[in-house]
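Each chain, written out:
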Amino acid sequence: MTELKKLISNILLSGAAMALVFFVVSLFLPRYWQVSGKVVVFPSGKPISASQNLSSEVGNTAWIVNSDTFQKNNFGDFAADFAGATVVGNSSMVLVKFKAPQADIQKIEDLIVKIPSQVDEYARDLYDGSPFKYKMASDPEASANYVNPDLRKNSLWGFAVGAVLYFLFWLFAGSFFVAKKETVGTEEEMYPETVSFPTEAIPYEPAPEHMPMPEPMPEIVPETEKQPTPQVSSVPDNLPVAPASLAGGEEYHEPSDEEVKDRLNKLMRGEL
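A brief look at the structure comes next.

What counts, and at which threshold
Residues numbered from 1 in each chain as written. Predicted model: local features only at pLDDT ≥ 70, side-chain atom pairs only at ≥ 80, totals over all residues. Heavy atoms only, no water. Salt bridge = Lys/Arg side-chain N within 4 Å of Asp/Glu carboxyl O. Helix = DSSP H or I, 4+ residues; strand = E, 2+ residues; numbered from the N terminus. Buried < 20%, exposed > 50% of the residue type's maximum accessible area, 1.4 Å probe, protein only. Core = buried A, V, L, I, M, F, W, Y, C linked by side-chain atoms within 4.5 Å. Contact = heavy atoms within 4.5 Å. Patch = residues over 30% accessible without salt bridge, like charges linked within 9 Å, V, L, I, M, F, W, Y side chains within 5 Å. Areas by Shrake-Rupley, 256 points an atom, 1.4 Å probe, with all protein chains shown as cover. Expected span 1.5 Å × (residues − 1). Pairing = 2+ DSSP bridges. Phe/Tyr/Trp six-rings, centres within 6.5 Å; stacked < 30°, edge-to-face > 60°.

Attention now goes to the pattern of salt bridges. Applying the stated rule across the entire model yields two salt bridges. D120 is the salt-bridge partner of R124, the closest N and O atoms lying 2.7 Å from each other. Linking R124 with D120, this pair stays in helix α6 (residues 115-127), spanning four residues, or about one helical turn. The class of R124 is partly exposed, set by a relative accessible area of 37%. With a shortest N-O distance of 3.5 Å, D262 and K266 are connected by a salt bridge. Pair noted here: D262 and K266 are both in helix α8 (residues 257-269), with a separation of four residues, about one helical turn. A relative accessible area of 38% places D262 in the partly exposed class.

Okay, the nonpolar core next. If you look at the biggest cluster of nonpolar residues, it comprises 26 residues, and the most contacted ones within it are V65, F75, F82, V96, F98, I115 and Y134. Within the residue set of this core, elements represented by two or more residues are β1 (33-43), α3 (54-66), β2 (82-87), β3 (93-100), α5 (105-113), α6 and β4 (132-136). Not counting residues up to four positions away in its chain, the partners in contact with Y134 are V39, V40, V41, F42, E57, T61, P116, V119, D120 and A123.

Turning our attention to unusual backbone geometry. Of note, the amide linkage connecting N148 to P149 takes the cis form, showing an omega dihedral of 5 degrees. Among the secondary structure elements, P149 is positioned in the loop between β5 (141-142) and α7 (151-190).

This part covers the side chain of D81. On the secondary structure map, D81 appears in the loop between α4 (68-74) and β2. D81 has contacts with F98 and K99, leaving out every residue within four places of it along the chain.

On the surface, V164, F167, L168, F169, W170, L171 and F172 cluster together to form a nonpolar patch covering roughly 700 Å² of accessible area. Along the chain, F167 turns up in helix α7. Of the residues examined, F167 reaches a relative accessible area of 36% and is grouped as partly exposed.

Along the polypeptide, Q102 turns up in the loop between β3 and α5. For Q102, a relative accessible area of 56% gives the class exposed. As for Q102 and W33, which are separated by 69 residues in sequence, their C-alpha atoms are 6.4 Å apart.

Further remarks concern helix α1 (residues 2-27). Spacing of three or four residues puts side chains on the same side of an α-helix, whose turn is 3.6 residues. In this model, α1 (26 residues) spans 38 Å end to end at C-alpha, consistent with the 38 Å of a helix rising 1.5 Å per residue. Taken as a whole, α1 has its buried residues at L7, I11, G15, A19 and S26.

The terminal C-alpha atoms of α8 lie 19 Å apart, and with 13 residues this matches the ideal 18 Å at 1.5 Å per residue to within 8%. Residue G270 follows α8 closely and has a positive phi angle near 85 degrees.

Next up on the list: the pairing of β1. Relative to β3, β1 runs antiparallel, the two being bridged by eight bridges. In the strand pairing of β3, V35 is matched with F98. Where β1 meets β5, two bridges bridge the pair, whose relative direction is antiparallel. Paired with V35 across the bridge in β5 is A142. In this sheet, β4 lies alongside β1 in antiparallel orientation, the contact comprising five bridges. By the bridge assignment for β4, V39 is matched with M136.

Attention now moves to the packing of aromatic side chains. Centre-to-centre distance and the angle between the planes together describe a pair of aromatic rings. Summed over all chains, the structure comprises eight aromatic pairs. Pairing F82 with F98 gives two aromatic rings, centres 5.3 Å apart and planes at 65 degrees, and the pair type is edge-to-face. Linking F82 in strand β2 with F98 in strand β3, this pair joins segments that are 16 residues apart in sequence. Taken individually, F82 and F98 each receive the classification buried, so the pair is uniform in this respect. Measuring from centroid to centroid gives 5.9 Å for F167 and W170, while their planes differ by 35 degrees, and the two rings are tilted. Taken together, the residues span about one helical turn, with F167 and W170 both in helix α7 at a distance of three residues. Ring pairing ties together the aromatic residues F70, F75, F82, F98 and Y122, which thus form one cluster.

This is how it looks when you write it as structure tokens:
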């Protein structure tokens, strides 16, 4: 949601900035005023069918004035300033409009006044007669203020251009950076460890003239395998052992405590 608000805000700012640029540029463009006049079409009375075809003739009159041939023959250098001729609603009048700089307003007004007679002459050759007549409804009029450049319209166009340009920039630039980021991530996965080399040159040190002799390594004497020390029994060798059988065929019996004490005493005195 935050990214969307940021995008909308940037679009509005870009549109406002471009609208201001268009507005300022429009202030230095040439200014034109609108000069217009109304031509009334009415039947001349001959033939009678002209009254019935009046609505069609009003449209034909607008078509005659808008034709390239009529403009070329009658408007001369002011043909580039011609803004068109249109039928006024459901009436029998044709509105003729020009856009001219302030210095040419009077010349354009004089030109408009001549249009009814010029259309009458053109229609006479077209219809082989004059079933209709043409007349100015009123004197030509010039607008109070200049109509071109249109500051409001140009500012709106500038806002639209700025908004579209920023949106396109965000669309394509965002896609480019995302693709670049994904590509870099893939390379890091393929090459997780990089070897860095020193950028500074390592100074060269010449070897000394007399190299010290290395000290001899001490001789390593292999350790001899230690022989296990025989365990000496604590029992004396001359301890008498009872025979398996006594003299006279008597079986061996377990000596009593008194007999053991007596035998030990004799052993200590050396009698045994």
